[in-house]
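Next come the chains, spelled out residue by residue.
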Amino acid sequence: MKRDFDGCKSIPSLLGYTRRPKKIKVVYYDENAEKHTEQFSNFYARIIHHEYDHLEGVLWLDRVDSVNDIPKFSGSKLSYIRAASNHPSLDDSGLRYCN
């Protein structure tokens, strides 16, 4: 796993640190139903993992270990995010990690 910046247009103007795999293997089927397996590393692995999370209903905030991983975090910003997204990873105590 590698800790690095993450962000998304789903939550504009907010960036934070998340841990994502350094390498991933993707198995998929193309439009001709042919199976493919590819491996990705570093930045490409991070991007693909981020996008796959969307398919699973996970936002990068679900991967934040603590509020300290969001630079210049403020309580009012949390209120804005909670109201805008009604995201399950946000509760009255702040951010929490969801598996």
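Going by the structure above, here's the rest.
Residues numbered from 1 in each chain as written. Predicted model: local features only at pLDDT ≥ 70, side-chain atom pairs only at ≥ 80, totals over all residues. Heavy atoms only, no water.

Asks: Mind showing me how you'd approach helix H1 (residues 42-55) here?
Replies: Note on helix geometry: an α-helix contains 3.6 residues per turn, so any two residues three or four positions apart are oriented the same way. Here H1 spans 21 Å end to end across 14 residues, near enough to the 20 Å set by a 1.5 Å rise per residue. Turning to H1, its buried residues are Ala45, Arg46, His49, His50 and Asp53. Down the axis, H1 shows its buried residues gathered within 130 degrees of arc, on one side only. Exposed and oriented more than 90 degrees from the buried face of H1 are Phe43, Tyr44 and Leu55. Buried residues in H1 make contact with strand E1 (2-8), strand E2 (11-20), strand E3 (23-29) and strand E4 (35-41). Immediately downstream of H1, the backbone of Gly57 shows phi near 80 degrees, a positive value. (Helix = DSSP H or I, 4+ residues; strand = E, 2+ residues; numbered from the N terminus. Expected span 1.5 Å × (residues − 1). Buried < 20%, exposed > 50% of the residue type's maximum accessible area, 1.4 Å probe, protein only. Arc of directions from axis to C-beta. Contact = heavy atoms within 4.5 Å.)

Asks: Hey, could you run me through the pattern of salt bridges in this one?
Replies: In a structure, side chains of opposite charge can pair up when their charged atoms sit close to one another. Per the stated rule, a full pass over the model turns up six salt bridges. As a salt-bridge pair, Arg20 and Asp6 come within 2.6 Å of each other at their nearest N and O atoms. Taken together, the residues span a long stretch of sequence, with Arg20 in strand E2 and Asp6 in strand E1 at a distance of 14 residues. For the pair Arg20 and Asp6, one class covers both residues: buried. Note that Arg46 and Asp6 form a salt bridge whose closest N and O atoms lie 3.5 Å from each other. Here Asp6 lies in strand E1 and Arg46 lies in helix H1, a separation of 40 residues in the sequence. Look at Asp6 and you get buried, because its relative accessible area is 6%. (Salt bridge = Lys/Arg side-chain N within 4 Å of Asp/Glu carboxyl O.)

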